[in-house]
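Fold and geometry: a report
If you want the building blocks of each chain, they are given just below.
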Amino acid sequence: MRSHVQVTGGAALLGGANLAGLVQQQNGRLPVKLVLFETVLGDSRVAAAGDLLINGDGTVSGNVNLTIGNADGLLELIKPLFPPQDNSFSIVSSVVQSLKGAESEVDGIPSITLPVMIDQGLIRIGFLTLGRIPPLFSAGT
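On a predicted model such as this, the values are computed, not experimentally measured, just so you know.

**Some thoughts on helix H4 (residues 88-98)**
Along H4, the residues that are buried comprise Phe 89, Ser 93 and Val 96. For H4, the angular spread of the buried residues around the axis is 60°, confining them to a single face. Contacts from the buried residues of H4 go to helix H3 (71-78) and strand S6 (109-119).

**Re unusual backbone geometry**
We note that Asn 27 has phi near 60°; this positive angle belongs to a residue other than glycine. Examined against the element boundaries, Asn 27 turns out to sit in the loop between helix H2 (19-25) and strand S2 (29-41). Taking the relative accessible area as the measure of exposure, Asn 27 reaches 74% and is therefore exposed. Positive phi is not limited to glycine here, since Asn 70 has a value of about 60°. In this structure, Asn 70 sits in the loop between strand S4 (60-69) and H3.

Cut-off values and rules
- Residues numbered from 1 in each chain as written.
- Predicted model: local features only at pLDDT ≥ 70, side-chain atom pairs only at ≥ 80, totals over all residues.
- Heavy atoms only, no water.
- Buried < 20%, exposed > 50% of the residue type's maximum accessible area, 1.4 Å probe, protein only.
- Helix = DSSP H or I, 4+ residues; strand = E, 2+ residues; numbered from the N terminus.
- Arc of directions from axis to C-beta.
- Contact = heavy atoms within 4.5 Å.

On their own, these measurements won't tell you what the molecule is for.
See the structure below:
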């Protein structure tokens, strides 16, 4: 796993500054550039890059491009994480299979790139809600 982020005024965080205070200093909207977030799982790769904002209430908003390399292998790896009676895995699998025609080669690996929207922590790909990122801090801290 590796990541590279650029935070406006982020040097203060290295000196021990409070994230909530830094957000407030930026008028309640702290820009964060996600240059790269990448995880390699077996022969599969998941990477994301884009522009985010940390809001005054601690939630994250923005747009990122999510690239999934070797999607079939990744599906097999994450399948045990889904409850047996839950249909979430079959929905995710169906979406991935429907996108196979849009695959391109990234570093020699068949990959699917998807635009992901995050709105105050709610993660969506098109109309499909994937989950929620909890606030990074409590408002007022």
